[in-house]
Amino acid sequence: MSLTKADIANRLFDEVGLNKREAKEFVDAYFEEIRVALESGENVKLSGFGNFQLRDKNQRPGRNPKTGEEIPISARRVVTFRPGQKLRARVEAYVGPGD
Amino acid sequence: MTKSELIDRLAAQQNHLAHLDVELGVKSILEQMSSALAAGERIEIRGFGSFSLHYRAPRMGRNPKTGEAVALPGKHVPHFKPGKALRERVNYS
């Protein structure tokens, strides 16, 4: 099972009282706003949840795993997520699937 | 961008919604995401990325002050994998 945009929108409908269309739009706008910030080079800090940080990676040597051919991996900017204290603590308490 | 800036930016754009509703909406989304992960559930947002848990095996740690060995139990940590659209947008701008 996994949480999706549709699940999130349904809860916004139930809890916040947005109508179905507003809830769907809101969820899209929410993730889009985070993407826009990251795209424009801003880190995103969501207190209680975690931080999305941008990291600039230098070019490094790589290799095509199929052919063994050496190809440089170009310099790039990537997003990393650092979970906050509160989220870490909540997740740490998860004991795993009970089997 | 902080949580309150995110709320302000969304409110400016979704101007049919009251500022308070935007605030409640953002808080609800974050709580839904946190509680899904706390229950061991994955989160999958197409074009943004997915969140899942990674397991860290139990290990012997050390109290850095006293040097004493301490057994650390296994635990789960949240992990985010950016989706294709996010990776591309962040990299090509």
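Right above here is the structure, for reference.
Residues numbered from 1 in each chain as written. Chains lettered and ligands numbered in written order. Predicted model: local features only at pLDDT ≥ 70, side-chain atom pairs only at ≥ 80, totals over all residues. Heavy atoms only, no water.

Each partner contributes residues to the interface: chain B has 49 residues there, and chain A has 49 residues. Roughly 4,700 Å² is buried in total at the junction of chain B and chain A, and carbon and sulfur atoms are behind 65% of that figure. Three residues stand out in chain B for area buried against chain A, namely Met 1, Gln 32 and Arg 89 of chain B, and they jointly supply 15% of the buried area on that side. On inspection of chain B and its partner chain A, the count reaches five salt bridges. One salt bridge connects Glu 32 of chain A with Arg 89 of chain B, and the closest N-O pair in it is separated by 3.0 Å. Joining chain B to chain A, the criterion identifies 17 residue pairs in polar contact (both at pLDDT 80 or more). Put simply, the parts of the chain that give the side of chain B that touches chain A at least two residues each are helix H1 (3-13), helix H2 (19-38), strand S1 (42-45), strand S2 (49-56), strand S5 (75-82) and helix H3 (84-91) of chain B. The dominant element in the side of chain B that touches chain A, judged by the number of residues it contributes, is H2 of chain B, at 16 residues. In this sheet, S1 of chain B lies alongside strand S1 (residues 2-3) of chain A in parallel orientation, the contact comprising two bridges. Each residue of the ladder has a partner; that of Leu 3 of chain A, found in S1 of chain B, is Ile 43 of chain B. (Contact = heavy atoms within 4.5 Å. Buried area = accessible area lost by both parts, 1.4 Å probe. Salt bridge = Lys/Arg side-chain N within 4 Å of Asp/Glu carboxyl O. Polar contact = N/O pair within 3.5 Å; in protein donor to acceptor, adjacent residues only side chain to side chain. Helix = DSSP H or I, 4+ residues; strand = E, 2+ residues; numbered from the N terminus. Pairing = 2+ DSSP bridges.)

Purely geometric stuff here, so don't read any function into it on its own.
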